[in-house]
Amino acid sequence: MSQYILRRLLIAIPSLLGISLVLFVVLSLAPGDPFSELATNPNVPPEVRLALRAKFGLDDPIYLRYLHWLVAMAQGDWGFSFASRMNVDTLILQRLPTTLYVIGSSQLLALLIAIPVGVYAATRPYSVFDQVANTLAFIGFSLPTFFTGILFILIFSVKLDWLPFVYTTDIKATGTAWLGEQIRQAIMPVMVLGLFQAASMTRFVRSAVLDVIRLDYVTTARSKGLGQARVIVRHVMRNAMIPVVTLIALQIPAVFGGAIVTEQIFRIPGIGSLLISSILANDTPVVMAVTFVFACLVVLFNLIADLLYGWLDPRISLR
Amino acid sequence: MAGLTLASPSAERRTYSPWRESWRRYRRHKLAVVSAVLLLVLVVAVVFGPLLWRVSINDIDFNARLEGPSLAHPFGTDDLGQDILARMIYGGRISLAVGLAAMMVSVIVGTLIGALAGMSRGALGHALMWLTDLFLSLPQLPLLLLLIYLFRDGLKAVFGPEGGIFILIVVVIGGLRWMPVARLVRAQFLSLREKEFVEAARALGASRARQVVRHILPNALGPVIIAGTIDVAAAIIAESTLSFLGLGFPPDTPTWGRLLYDAKDYLDIAAHWALFPGAAIFVAVVAINFIGDGLRDALDARRVI
């Protein structure tokens, strides 16, 4: 198992490098010159501009510039945010926990909905429950998160006035009241993201369980006299979860997309809303760094999925 | 030609041409049929709507600000008194055009890469699949935002504000969604290229290009059509998301996402402003997804219905 983990870690490195290469190529292909303002400034003589270009390595060949950039990123030197007047890495570290908290709770909610519904639907294929669940799931992943977010605000904040629609970090309360407020304001964003995820996950779970439930070993387990619950939980679920883990891992980039939208709607101070505000403020170092962080998170979650995969199916880690 | 093909004499069911058989299978999916009609209505409304509904999208009328639906304005008005129905018809053209064009990009790129990877037996195939996996693990929305942020101004200068952003959005959305198509095409090619009828073509001396174009590709098209259909929906969502974040088309171009973006600060006093465009996006996307589901039933010959 430890060898398997090591091998997976080593595979993650080339994909991180590949992503960083894509990002760097995009940045260097983009029109615009960081020193263009100096070029039009009559107080800066051209020699100074050229010397500055040479100092920051802008005239180096592209592979050297990539290496410099990569080394700087690896050392934690992510640049300086002109809009927020602080280092990019501290800025991102401030915002990251909120994003992870919202994404984590919504994934949890999605699993709590998708697994029971998907398994129950698969044990009774083409029943009324199955058809209703299927149609709802279809509608669920056709509803874009920005529209569900607006609908939720309209229903729960404007009409019913149950929940706040702006997320605040400085809640003026302590103890349990603080905790209650914290949960109350997270309900809508987590529901929006979680229900969207649950919709596609339910379909994955249903088809994976349907594939497994007809296999001979399940019939064997039944004929041994095991109860339905035990057969489903112990025998069917473990095998059915293997493809589900892969499909969920493939969905991770979409989850981050949804998180950006949700953070923007509910004004959650996470890295998604940071990305939007820095794009609007032309804050290039932050835009690059946040995109890279999202890419790293995707690789990290794929790695976790791979490890889960090895745990669910020991044959894989032995290979 | 069709008359020469001998149907198995013991077959009990009547045999139809492949298209008719697909149509028969498609019709069994009731929701898909309803969705096809809905989508057709939407397309007709968007294409021919301006001929019937002759209100300008830019007519400002401060006496009719934020009004709910009425006879003069069936979908109400926005904060400048502009007619939302007229704006939605205009925006629908853009949203649907972006969806179709981005689908074309992703299908063409995906088919090319998938076909190359499926036909090559060496390093090229491996390299292309590595590229596909790499693109699959890219965070799409952040990258989409990054690309638009970096290239927006350059393209605006060349193609004008609307044309430039249209090309950019189509190319970027299509360029980030070709991977599923490439994987499907490659998988199809890997199995089809070993089939007897391809071997027969090869034995007759058909060139590689002819094998691919005449024999393999037509048989690999089913899954591509299904993936392409779903790509249209995904592209519409992606474009609306960009507009909703305020980073899509310019502010005076009322795409459906942009209408939602403008409406979201007036939810308490003018809910209709957000509900109509949101519903339009939802109807378009859910209809296209159901059509894709129906096509899956219709084109997957192995599935018995």
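Residues numbered from 1 in each chain as written. Chains lettered and ligands numbered in written order. Predicted model: local features only at pLDDT ≥ 70, side-chain atom pairs only at ≥ 80, totals over all residues.

## Examining the overall build of chain A
Cut-off, in case you're wondering: Under the scheme used here, helices are H or I runs from DSSP no shorter than 4 residues and strands are E runs no shorter than 2 residues, and both carry numbers assigned from the N terminus. Here the C-beta atoms are placed from the backbone, and a residue counts as buried if at least 20 other C-beta atoms lie within 10 Å of its own, exposed if 12 or fewer do, and partly exposed otherwise. The contact criterion used here is simple: two residues whose C-beta atoms, placed from the backbone, lie within 7 Å are in contact.
In terms of helices and strands, chain A carries 13 helices and 2 strands. Here chain A, with 319 residues, has 34% of them falling under the buried criterion. Considering only contacts in chain A between residues 6 or more positions apart, those separated by 24 or more positions represent 72%.

## Details of the overall build of chain B
Counting secondary structure elements, chain B contains 11 helices and 0 strands. Put simply, chain B runs from its N terminus to its C terminus through helices and strands in the order α-α-α-α-α-α-α-α-α-α-α. Across the 305 residues of chain B, 44% fall into the buried class. Within chain B, residue pairs in contact and separated by at least 24 positions form 69% of the contacts whose partners lie at least 6 positions apart.

## Points about helix α10 (residues 256-263) of chain B
Within α10(B), 8 of the 8 residues are buried, leaving the element largely enclosed by the surrounding structure. In the core, the buried residues of α10(B) are packed alongside α7 (145-159) of chain A together with α3 (84-119), α9 (208-244) and α11 (271-299) of chain B.

## A closer look at helix α6 (residues 161-175) of chain B
Residues and elements named next belong to chain B. Rules: Each helix should span, by expectation, one fewer than its residue count multiplied by 1.5 Å.
With 15 residues, α6 ought to run about 21 Å at 1.5 Å a step, and its terminal C-alpha atoms sit 21 Å apart, in line with that. Listing the buried residues of α6 in full gives Ile165, Phe166, Leu168, Ile169, Val170, Val172, Ile173 and Gly174. The inward-facing, buried residues of α6 contact α3, α5 (140-159) and α9.

## A closer look at the packing of helix α12 (residues 284-312) of chain A against α5(B)
Short version of the rule: Between the N-to-C directions of two axes lies an angle of 0 to 180 degrees, each axis being a line fitted to C-alpha atoms and, for a helix, fitted only over the stretch in contact. Roughly parallel here means an angle under 35 degrees, roughly antiparallel means over 145, roughly perpendicular means 65 to 115, and every remaining angle is called oblique. Handedness of a crossing is defined here by the sense of rotation of the near helix relative to the far one, left-handed for an anticlockwise turn of less than a right angle and right-handed for a clockwise turn. Gly falls in the polar group here, along with every residue not listed as nonpolar (Ala, Val, Leu, Ile, Met, Phe, Trp, Tyr, Cys, Pro) or charged (Asp, Glu, Lys, Arg).
Orientation of α12(A) relative to α5(B), taken along the N-to-C sense of each, is 155 degrees, at an axis distance of 9 Å. On the basis of the axis angle, α12(A) is roughly antiparallel to α5(B). Crossing geometry of α12(A) relative to α5(B) is assigned as left-handed. Across from A:Val287, A:Val290, A:Thr291 and A:Phe294 in α12(A), the residues of α5(B) making contact are B:Pro142, B:Leu143, B:Leu146 and B:Tyr149. Across the contact of α12(A) with α5(B), the residue classes tally to 7 nonpolar, 1 polar and no charged.

## What to know about the nonpolar core
Rules: By our criterion, buried Ala, Val, Leu, Ile, Met, Phe, Trp, Tyr and Cys residues that link up through C-beta atoms within 7 Å make up a nonpolar core.
Counting residues in hydrophobic clusters, the biggest one holds 156 residues, and the most contacted among them are B:Leu144 and B:Leu260. Every residue in contact with B:Leu260, bar those within four places of it in the chain, is listed here: A:Phe146, A:Phe147, A:Ile150, B:Phe244, B:Ala274, B:Pro277 and B:Gly278.

## Looking at unusual backbone geometry
All names here are of chain A. Phi is positive for Tyr126, close to 65 degrees, though the residue is something other than glycine. Mapped onto the secondary structure, Tyr126 falls in the loop between α5 (88-123) and α6 (128-142). By C-beta crowding, Tyr126 is classed as exposed, having 9 other C-beta atoms within 10 Å. The residue Arg267 is not glycine, and still its phi comes out positive at about 55 degrees. Relative to the helices and strands, Arg267 is located in the loop between α10 (228-266) and α11 (271-280). Arg267 gets classed as exposed once you count the C-beta atoms within 10 Å, which come to 12.

## A look at the environment of B:Asp297
All names here are of chain B. Position of Asp297 relative to the elements: it lies in helix α11. Overall, Asp297 belongs to the partly exposed group, with 17 C-beta atoms counted inside 10 Å. Each C-alpha atom, one on Asp297 and one on Phe282, is 23 Å from the other, the two residues being 15 residues apart in sequence.

## Some words on the packing of α5(A) against α11(A)
All names here are of chain A. Where α5 contacts α11, the two axes come as close as 8 Å, and the packing angle between them is 130 degrees. Compared by their axis directions, α5 and α11 come out oblique. Facing α5, whose interface residues are Ile92, Arg95, Leu96 and Thr99, α11 presents Ile271, Gly272 and Leu274.

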